[in-house]
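Below are the chains, spelled out letter by letter.
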Amino acid sequence: MDTKDRTSSTEPAWLDPKNDRKTPYTEEELELFADGFVNGMGDVGAWQEMIREVGVQRRG
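Notes on the structure follow.

Parameters and conventions
Residues numbered from 1 in each chain as written. Predicted model: local features only at pLDDT ≥ 70, side-chain atom pairs only at ≥ 80, totals over all residues. Heavy atoms only, no water. Patch = residues over 30% accessible without salt bridge, like charges linked within 9 Å, V, L, I, M, F, W, Y side chains within 5 Å. Areas by Shrake-Rupley, 256 points an atom, 1.4 Å probe, with all protein chains shown as cover. Salt bridge = Lys/Arg side-chain N within 4 Å of Asp/Glu carboxyl O. Lys, Arg positive; Asp, Glu negative; His and termini not counted. Charge placed at Lys NZ, Arg CZ, Asp CG, Glu CD. Helix = DSSP H or I, 4+ residues; strand = E, 2+ residues; numbered from the N terminus. Buried < 20%, exposed > 50% of the residue type's maximum accessible area, 1.4 Å probe, protein only. Expected span 1.5 Å × (residues − 1).

**Looking at a negative patch on the surface**
A cluster of acidic residues, Glu27, Glu28, Glu31 and Asp35, forms a negative patch on the protein surface. Here Glu28 is to be found in helix H1 (residues 27–54).

**So, a nonpolar patch on the surface**
Taken together, Phe37, Val38 and Met41 make up a surface patch of nonpolar side chains, about 320 Å² in accessible area. Of note, Met41 is situated in helix H1. The class for Met41 is partly exposed, based on a relative accessible area of 46%.

**Observations regarding H1**
With 28 residues, H1 extends 42 Å from end C-alpha to end C-alpha; this agrees with the ideal 40 Å at 1.5 Å per step. Here H1 lies mainly on the outside; 0 of its 28 residues are buried.

This is the structure we're talking about:
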């Protein structure tokens, strides 16, 4: 049993090997991931368009 207190750890939970996935991804999961990635790429264009229209504003 792991007695180490994870609440005080500075490492995020996803770096803990005990949280690793034990089974490979299915084709459906891979397709869902890829579709989400491709669909999210459209957001970059909207961000770049806003930067062109408004410009970059910095604090201070």
